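Notes for the structure review
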Amino acid sequence: MNALKGFSAPIVTGVVLLGLWEGVLALLDPKGFVLPAPSEIVGALIDNWDAVFQGARITGFVAVSGLIAGIILGILAALLVTRFRTANETITPLAVAVNAIPIIALAPIFNNWFGLTSPRSNQAIVVALVFFPIFINTTRGLSQVDRSQIELMESYAASRSRITREVRIPNAMPFFFTALKLAASLAVIAAIVAEYFGGRQDALGPMITQSAGLTRYDDAWAAVLAGTAIGAVLYFAVIVLERVAMPWNSLVRNPK
Amino acid sequence: MSEVPSMDEATSAAQGASSLVIDIRGATKVFNPGKSNQVEALGEIDLSVGPGEFITLIGPSGCGKSTLLRLVASLIPPSAGTVQVNGKPAEQARLDRDYGMAFQTAGLFDWRSVTKNIELPLELMGWSRGARRRRVAEMLEMVKLSEFANHHPSELSGGMQQRVAIARALSFSPSLLLMDEPFGALDEMTREHMQDELLRIWEETETTVVFVTHSIPEAVYLSTRAIVMSPRPGGIASIIDVDLGDRNASTRDDPAFFTKVTEVRTALRKVEE
Ligand SMILES: Nc1ncnc2c1ncn2[C@@H]1O[C@H](COP(=O)(O)OP(=O)(O)OP(=O)(O)O)[C@@H](O)[C@H]1O
Ligand SMILES: [Mg+2]
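Residues numbered from 1 in each chain as written. Chains lettered and ligands numbered in written order. Predicted model: local features only at pLDDT ≥ 70, side-chain atom pairs only at ≥ 80, totals over all residues. Heavy atoms only, no water.

Within the element layout of this structure, B:Thr208 appears in strand E8 (residues 208-212). With residues up to four places along the chain from it excluded, the contact list for B:Thr208 reads B:Val21, B:Val49, B:Gly50, B:Pro51, B:Gly52, B:Glu53, B:Ser175, B:Leu176 and B:Leu177. (Helix = DSSP H or I, 4+ residues; strand = E, 2+ residues; numbered from the N terminus. Contact = heavy atoms within 4.5 Å.)

Bringing the side chain of B:Arg94 into the picture now. Residue position: B:Arg94 is located in helix H3 (residues 90-95). The class of B:Arg94 is buried, set by a relative accessible area of 13%. Not counting the four nearest positions on each side in its chain, B:Arg94 is found in contact with A:Glu154, A:Ser155, A:Ala157, B:Ala73, B:Ser74, B:Leu75 and B:Tyr99. (Buried < 20%, exposed > 50% of the residue type's maximum accessible area, 1.4 Å probe, protein only.)

Once that is clear, we can look at unusual backbone geometry. Residues and elements named next belong to chain B. Residue Pro 233 is reached from Arg 232 by a cis peptide bond, and omega for that bond is -15°. Summarising the element assignment, Pro 233 is placed in the loop between strand E9 (225-230) and strand E10 (235-241). Here the phi dihedral of Glu 181 falls at roughly 45°; this positive angle occurs in a residue that is not glycine. Inspection of the secondary structure puts Glu 181 in the loop between strand E7 (176-180) and helix H7 (188-205). The residue Arg 232 is not glycine, and still its phi comes out positive at about 50°. Within the fold, Arg 232 resides in the loop between E9 and E10.

Right, let's get into the site of ligand 1. Residues and elements named next belong to chain B. The full set close to ligand 1 counts 13 residues, and Ser 61, Gly 62, Lys 65, Ser 66 and Thr 67 are the nearest of them. In the model, an oxygen atom of ligand 1 is placed 2.5 Å from a nitrogen or oxygen of the Ser 61 side chain. In the environment of ligand 1, an oxygen atom lies 2.7 Å from a nitrogen or oxygen atom belonging to the side chain of Lys 65. Considering ligand 1 on its own, with 630 Å² of exposed area, one finds that the protein chains cover 66% of that surface. Contributing elements (two or more residues each) for the shell around ligand 1: strand E2 (39-49) and helix H2 (65-73). In terms of residue count, H2 provides more of the shell around ligand 1 than any other element does, three residues in total. (Near = heavy atom within 4 Å. Polar contact = N/O pair within 3.5 Å; in protein donor to acceptor, adjacent residues only side chain to side chain. Areas by Shrake-Rupley, 256 points an atom, 1.4 Å probe, with all protein chains shown as cover.)

Residue and element names in this part refer to chain A. Considering only enclosed or pocket space, the largest pocket measures out at about 770 Å³ in volume. Gly 14, Leu 18, Leu 225, Thr 228 and Ala 232 are the residues nearest the centre of the largest pocket, which is lined by 21 residues in total. Contributions of two or more residues to the lining of the largest pocket are made by helix H1 (8-28), helix H2 (38-47) and helix H10 (217-245). Examining the composition of the lining of the largest pocket, we find that nine residues originate from one element, H10, more than from any other. (1 Å grid on protein atoms, 1.4 Å probe; cavity = no way out; pocket = protein on both sides within 12 Å on 5 of 7 lines; lining within 4 Å. Points joined across faces, edges and corners; volume = space filled by probe spheres on them.)

To continue, consider the pairing of E8(B). All names here are of chain B. Burial analysis of E8 places five of its five residues in the buried class, which makes it a mostly covered element. Neither face of E8 is open: one carries Thr 208, Val 210 and Val 212, the other Val 209 and Phe 211, and all of them are buried. Judged from the four bridges that link them, strand E3 (residues 54-58) and E8 form a sheet pairing that is parallel. Its bridge partner lying in E8, Ile 55 is registered against Val 210. Two elements, E7 and E8, share five bridges in a ladder whose sense is parallel. Bridged to Leu 176 within E8 is Thr 208. In this view, the connection linking E7 to its parallel neighbour E8 by way of H7 has right-handed handedness. (Pairing = 2+ DSSP bridges. Right-handed = clockwise from strand over helix to strand, strands pointing away.)

Looking now at empty space enclosed by the protein. A water-sized probe, rolled over the atoms, reveals where empty space remains. All names here are of chain B. Tallied over the full model, the rule gives one cavity of 30 Å³ or more. Empty space within the largest cavity amounts to approximately 40 Å³. Taken together, Ile 22, Ile 24, Leu 47, Leu 57, Leu 68, Val 72 and Val 210 make up the full set of residues lining the largest cavity. A class-by-class count of the residues in the lining of the largest cavity yields seven nonpolar, no polar and no charged. (Nonpolar A, V, L, I, M, F, W, Y, C, P; charged D, E, K, R; others polar.)

This paragraph deals with the pattern of salt bridges. By the definition in use, this model includes 24 salt bridges over all chains. Note that A:Glu166 is salt-bridged to B:Arg112, the shortest N-O span being 2.7 Å. Here the residue A:Glu166 occupies a position in helix H8 (residues 160-197), and B:Arg112 occupies one in the loop between strand E6 (99-102) and helix H4 (114-124), the pair thus bridging two chains. Of the two residues, A:Glu166 and B:Arg112, neither departs from the other in class, the shared state being buried. (Salt bridge = Lys/Arg side-chain N within 4 Å of Asp/Glu carboxyl O.)

Quick look at the structure:
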């Protein structure tokens, strides 16, 4: 499959790094709780499989649902802002102001609003963090269009919505996907960090804080590994989606 | 009785006006009027272009060539005066899709194949899929790019992209073709080749062309009339009738060609003083 091309190098790099990690720890043999070897982490993962899997499902759901909501809101805001001047003058400064707030610091406050054990507050954190890069980049892509392409469409008496569909949206796609790659990793980080402060207690976040509190570092690392897997799956999905959505883009970057 | 024009006179006057493809009267263009960055881009312009003419606009940078072309295309409104195209206001001509346009940058859409780029205006005009495909095939034949129908623009050379842009501009057989330095980015050989292509298309399709260029030989080779423009504010300094008739490989070595080149160059020197 064409969309999968180019993944062999990072996989090889990853395997080599893991081998080095395992080998160095085996040679130097420091105390296991400082940094568990990959084999110990995998062992902990197998031992706690049910709990970790359940945690990953909950955290994954928070990250993915927040990501999707953030994407939808970001795109809608970008479309509004490029279409209507008044929307631009109200939404953009507001978004910039909101972005200046360290959103993650709001997690304990959000917990108060949505209930300490509700995942809603965590989703809200993810949405707020994902929104901004999607909104800013998509807006840029929708507005930074070659002027002659717009004039060409106007010379065909094309309607504004047609110009948006035929020119602005395709033009914005590379900008959007750049932001989406960032947002996909951000969503998982945001979900786990938000879970440190509340939400469901069987999610990955509490699992990490509790295991670390009990100095069961291999269990903590197993949960981190699960979070990494969610991030990797999301990132991979975005890359596949990008190649499917913009088959022309690889041509632009690597002209024959 | 004698003050009332006869039926015949009225009709012929109306026909006289409507047989013009472009009729510009007293058109001016001021950008950002009343602001500190106000630019008087065009002074009063009067210009009439008949059907089948090939007009080139030449003049120093910033003298308003592109602005004049945009006025005709109704991409910007004049600050004063009127611009008529095919006997109606330029705005109406734009809405009726009376003209095709090509710019210095090909302005192709990377996300569309060559075929779909040429098809775009036809799609907007609601042509059926079958009719679109037939027309695109003809157009590709004309610009000699049939083998590249399913390529994407980024896979083509600059000259090939420009040919696609021209095919796109011509795809719906507009009666008027507006071109802003379309060959400006091409090397000399490709440029001369494209000039011959354009002349062939112009003769075959009997369109009217307004063509902006910086090149004196290009203006002389292509046009029936070369319009020399002067800057600050932009205006028409002189109009030089050229028309070298049938052009071929030897035309560029023809004394008549050099005479006209000298004539245009002299006019340009005066303008730039
Ligand atoms: N959209 C605009 N806003 C403000 N000023 C403009 C605008 N477009 C053109 N001008 C000004 O109008 C003048 C004429 O510009 P125009 O682009 O028509 O020149 P030109 O003859 O096409 O030049 P060139 O040969 O360099 O393409 C210039 O002084 C330019 O700065
Ligand atoms: Mg210009």
